[in-house]
Amino acid sequence: MTARSDKGGYAGQLTKRRTEDHRLILVFYSILIISLLLSAIDTLEAGWKGFAFPLFTLVQYLMYSFFVIGAVVFLLRFSRGHIRTLWTVVGVGAVCLLVSLAAVQLDSMGYPISLYFQPSQNDLLALNLWDAFISVTLNFIWAYLICFGVIGVSCALLRRNIPRLLCYVQSMDVTVKSWRNRMVIGAFSLPTIVDFHKIEVGPIDGHRTFPLKQVRKNLLLILYFAILIPSYVLLNPLFLQQAETTEVISFAIGASLFIPVIVLPFSSMIDSKARAINKGRDFDLGRGFRRTVMNFTGLGTLLLLFLITTQMKSVQDIAAMYALYMFVAVAVAMIFIYVYYNYFQNDLIHDIVEQFNERCGRN
């Protein structure tokens, strides 16, 4: 099924999205401040137990807040989806059934799983298949709406700031060693010996159906971050010393729901084909940004954490933690892929291109 035609033209739709973005950003700043305050209050009441406790409580409050935001954003964006039919419900039901079968199997193998919503009094998913299916479905809806909220807020910030950033890069003198220039050059891995004449974006194609080709290209990249970033929690000796294993795994799963904050900035620039023009060759800004992020979250540091962790826990214990986390990580990445490309990506990329050309485009 294709998306409905725009009513009121593109300009009217963009104005509407800008209004919604402004409100979302204000709500985001408000919930961030409130979540920080509540986390600080909980920490003071519980007494200082290390850095793990305030981080865990902060993620919990953010998850609750983004669940509410996600429900609102879903109602606002549902009509923009390429796929919004019964097939979505059927697909989700099939995925939840498969996950339920895997959960019951893992539990029988001695790897019990703790979920946010489950019809049992203990923390183990020692359930029959039907109870497991209900529990997994509720958790899927929980994660789905949180992803909707995180992606909605991320797109609101990117729609406002990416065109401004590209305009700044276009007018920037790379020979000036100001702190702002250094940050931009470092973020995009720009060579300072090259003189860029201008920045160009697009052209882009309008997607009237779900962009399967782009999804296939980005799936492995998104999985990379969905697995790598929370691994810094699972293999962090500081967290493992200050919290129970189940708490660490729950925190890693919660943190994985915020992966869009890391992926979307360079993904949106790659999709909008933002590039610095030079007489010799063009420089892809999105891929330069991605290279910087991937170097910062490099596998070398992760390997070091793994070696440190093996001094505290057996390899079998580490493997068990990953078995529990990987159970969810792939599902979270798939939810992110579906929500972003089905409801947000097309509008976001068009808005970035149009706003940049309107503000700073050169003929």
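Description of the structure in this document. (Residues numbered from 1 in each chain as written. Predicted model: local features only at pLDDT ≥ 70, side-chain atom pairs only at ≥ 80, totals over all residues. Heavy atoms only, no water.)

1. Focus: the nonpolar core
Here comes step 1: Grouped together as the largest cluster of nonpolar side chains are 84 residues, with contacts concentrated most on Phe66, Leu166, Leu190, Leu285, Tyr340 and Phe344.
Here comes step 2: Among all residues touching Leu166, those that are not within four sequence positions of it are Ile199, Val201, Met269, Ala274, Leu285 and Phe356. (Core = buried A, V, L, I, M, F, W, Y, C linked by side-chain atoms within 4.5 Å. Buried < 20%, exposed > 50% of the residue type's maximum accessible area, 1.4 Å probe, protein only. Contact = heavy atoms within 4.5 Å.)

2. Thoughts on helix α5 (residues 179–188)
Here comes step 1: Buried within α5 are the following residues: Asn181, Val184, Ile185 and Phe188. Down the axis of α5, the smallest arc covering the buried residues is 95°, so these residues share one side. Facing away from the buried side of α5 by over 90 degrees, the exposed positions are Trp179, Arg182 and Met183.
Here comes step 2: Phi for Ser189, located one or two positions after α5, is positive at around 55°. (Helix = DSSP H or I, 4+ residues; strand = E, 2+ residues; numbered from the N terminus. Arc of directions from axis to C-beta.)

3. Here's the deal with the side chain of Ser272
Here comes step 1: Note on placement: Ser272 falls in the loop between α9 (260–271) and β2 (275–277).
Here comes step 2: Classification of Ser272 as buried rests on a relative accessible area of 0%.
Here comes step 3: Those residues in contact with Ser272 that lie beyond four places of it in its chain are Val201, Gly202, Ile204, Ile349, Ile352 and Val353.

4. Here's the deal with the packing of aromatic side chains
Aromatic rings in a pair are described by how distant their centres are and how their planes are angled relative to each other.
Here comes step 1: Taken as a whole and assessed by the stated rule, the structure comprises 16 aromatic pairs.
Here comes step 2: Note on Phe28 and Tyr29: the rings are 5.5 Å apart at their centroids and 45° apart in plane angle, and the pair reads as tilted.
Here comes step 3: Where Phe74 meets Tyr144, the ring centres are 6.2 Å apart and the plane angle is 70°; that geometry is what we call edge-to-face. Highlighted residues: Phe74 in helix α2 (residues 52–77) and Tyr144 in helix α4 (residues 129–171), separated in sequence by 70 residues. (Phe/Tyr/Trp six-rings, centres within 6.5 Å; stacked < 30°, edge-to-face > 60°.)

5. Thoughts on the packing of helix α1 (residues 9–46) against α4
Here comes step 1: It is the contact of α1 with α4, at a shortest axis distance of 9 Å, that shows an interaxial angle of 115°. Seen from above, α1 lies across α4 with left-handed handedness. Here α1 contributes Leu14, Arg17, Asp21, Leu24, Ile25, Phe28 and Tyr29 to the contact with α4, which in turn contributes Gly152, Val153, Ala156, Leu157, Arg159 and Arg160.
Here comes step 2: Of the residues contributing to the contact of α1 with α4, the split by class is eight nonpolar, one polar and four charged. (Axes fitted to C-alpha atoms, helices over the stretch in contact; angles between N-to-C directions. Left-handed = near helix turned anticlockwise from the far one by under 90°. Nonpolar A, V, L, I, M, F, W, Y, C, P; charged D, E, K, R; others polar.)

6. Focus on the sheet that holds strand β1 (residues 198–200)
By definition, the strands of a sheet pair up through backbone hydrogen bonds, in either a parallel or an antiparallel sense.
Here comes step 1: The strand order across the open sheet built from three strands is β1-β2-β3, with neighbouring strands paired in antiparallel fashion. Edge strands, defined here as strands with exactly one partner in the open sheet, are β1 and β3 (283–284). (Pairing = 2+ DSSP bridges.)

7. A few points about the side chain of Arg17
Here comes step 1: One can find Arg17 in helix α1.
Here comes step 2: When residues no more than four places from it in sequence are discounted, the contact partners of Arg17 are Tyr10, Arg77, Arg80, Arg159, Asp347 and Asp351.

8. Describing the pattern of salt bridges
Here comes step 1: Counted by the stated rule, this structure contains seven salt bridges.
Here comes step 2: When the shortest N-O distance is used, the salt bridge between Asp347 and Arg77 registers 2.7 Å. Of the two residues, Asp347 sits in helix α12 (residues 315–360) while Arg77 sits in helix α2, which places them 270 residues apart along the sequence. Each member of the pair, Asp347 together with Arg77, is buried.
Here comes step 3: Measuring nitrogen to oxygen at the nearest pair gives 2.6 Å for the salt bridge that ties Arg80 to Asp347. Placement of the pair is Arg80 in the loop between α2 and α3 (86–108) and Asp347 in helix α12, with a sequence separation of 267 residues.
Here comes step 4: Judged by relative accessible area, which is 7%, Asp347 ranks as buried.
Here comes step 5: The structure contains a network of salt bridges with shared partners spanning Arg17, Asp21, Arg77, Arg80, Arg159, Asp347 and Asp351. (Salt bridge = Lys/Arg side-chain N within 4 Å of Asp/Glu carboxyl O.)

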